[in-house]
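# Structure assessment
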Amino acid sequence: MNLASRTIAIIIAFLVAGVLTTLAWLVPSMTLENGALAAGITLAACFLLVYLAFEALIFREINNIYAGLENVKRKEFRKLSNKFLFRPEPLKRMRDEIVQMAERKQQEIDELKRLQALRREFLADVSHELKTPIFAAQGFLHTVLDGDVDDEFLRQKFLTKAATSLDALDALVQDLVTISQLEKGVVRMRRQAFDLAALVRELFEQLEQKAGQRQVTLELFPPSLATEAVRVLADRNRIRQVLINLIDNAVKYGKEGGHVTVSLIESSKSVKVSVRDDGAGIPKQHQNRIFERFYRIDKSRSRDSGGSGLGLAISKHIVEAHKSTIRVHSEPGLGTTLEFKLPKPRLPQAAPAAPEAGA
């Protein structure tokens, strides 16, 4: 029988009251032997009642607490029924608080384990990305210094390759510094009003040769933006960096011979910027991680073909520094769209008309 503590307390109170009332009623006509027998029966009854009360109220609840902790250890939180309901019994409240605390601690432990795994993955990735250009430059330079290359043309070629590797290393370090500064909030966005459509047209000219190598057509939507202006209030250099990353990725991972479309859709207070390709798309399991540092969907890609995985991470931080959010919409086989919003500059208020003379 599973009785609540209040029910058991009421039962005990009625039983003890009944026994005492009966004794008080029988005392005038009770002999000494009967009195001793009644006292023994009362003692035994009270002992039995108190023992059962402790067994039902304390031991049962302690067993429930241990059972709840076992479920927490096995992460079977669904089996912890009624833990959010108000329960007036102190032991049951204590059980619920212990279970909730244990569940929170388990969640914290799981989160720490996840962060630890990400830290190990990040250290492995950054070590690999730093090691690749360093070893390449080291090999070319040692070859030249050891005198293994006598031909002046080859020596110059090796030195050029070493310089290229060191330039890639410098760019990687600069990207890491940029991300670190953006995360700490050290980099301030220098907001100014500028023509976003003109910036996109400028980037199309810059990336035209790279797009031509894959026969990709760069398009600006709506078509009227080929001559019209779209004013936004943002850090032009940082937004330029974001758009270069997004358009470059769209050209790189889009369908060869396909289209990359940059859309600028105006509303009353903002402009929605979207970059769309018609490539293979991004699987669902990767969409939440593409903005992580060094994350690459295809782990087999080399740094030259897949990049270091810092571009989208930097873009995410820059967009968030503009109080916006970059979102991804993608379906396998239907392409990928990345979009974010930028505020429009406030229109200057019209000056009040001067009163007419003689008014």
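To be clear, the structure that these remarks concern was listed above.
Reference entry: report on the structure contained in this document. (Residues numbered from 1 in each chain as written. Predicted model: local features only at pLDDT ≥ 70, side-chain atom pairs only at ≥ 80, totals over all residues. Heavy atoms only, no water.)

### Looking at the pattern of salt bridges
It is possible for side chains of opposite charge to pair when their charged atoms get near one another. Spelled out, the test is: Should a side-chain nitrogen of Lys or Arg be within 4 Å of a carboxyl oxygen of Asp or Glu, the pair is scored as a salt bridge. Secondary structure elements are defined from DSSP: runs of H or I of at least 4 residues count as helices, runs of E of at least 2 residues count as strands, and each element is numbered from the N terminus. Relative accessibility thresholds used throughout: buried, under 20% of the residue-type maximum; exposed, over 50%; partly exposed, between the two (1.4 Å probe, protein chains only).
Applying the stated criterion across every chain yields a total of 9 salt bridges. Glu 266 is the salt-bridge partner of Lys 344, the closest N and O atoms lying 3.2 Å from each other. One end of the pair, Lys 344, is in the segment after β7 (336–343); the other, Glu 266, is in strand β4 (residues 259–266), and 78 residues separate them in sequence. Arg 289 is the partner of Glu 292 in a salt bridge, and the nearest nitrogen-oxygen pair spans 2.9 Å. The class of Glu 292 is partly exposed, set by a relative accessible area of 25%. A relative accessible area of 24% means that Arg 289 is categorised as partly exposed. One continuous salt-bridge network, built from bridges that share partners, spans Glu 202, Arg 236 and Arg 240.

### Re the packing of helix α4 (residues 152–184) against helix α10 (residues 311–321)
Here is the rule we go by: Here an axis means a line fitted to C-alpha atoms, over the contact stretch when the element is a helix, while the angle between two N-to-C directions is reported on a 0 to 180 degree scale. An angle below 35 degrees is treated as roughly parallel, one above 145 as roughly antiparallel, one from 65 to 115 as roughly perpendicular, and anything else as oblique. Each helix crossing is assigned a hand: it is left-handed if the near helix lies turned anticlockwise from the far helix by less than a right angle, otherwise right-handed if that turn is clockwise. Two residues qualify as a contact provided that any one of their heavy atoms is within 4.5 Å of a heavy atom in the partner residue.
At their nearest, the axes of α4 and α10 sit 10 Å apart, and the two run at 30° to each other. Comparing the axis directions of α4 and α10 gives the class roughly parallel. For the crossing formed where α4 meets α10, the hand is left-handed. Contact residues: α4 offers Asp 175, Thr 178, Ile 179, Leu 182 and Glu 183, while α10 offers Ala 313, Ile 314, His 317 and Ile 318.

### Looking at the pairing of β7
Put simply, the rule is: The criterion for strand pairing is that DSSP finds at least two bridges linking the strands in question.
In terms of burial, β7 is largely enclosed, as 6 of its 8 residues are buried. In this structure, strand β5 (residues 270–277) lies alongside β7, joined through 8 bridges in antiparallel fashion. Paired with Asp 277 across the two strands is Thr 336, which belongs to β7. Pairing of strand β6 (residues 327–330) with β7, which is carried by 4 bridges, proceeds in the antiparallel orientation. Bridged to Ser 330 within β7 is Thr 336. In this structure, the hairpin formed by β6 and β7 is closed by a connection of 5 residues, where Gly 333 is found at a positive phi of approximately 85°.

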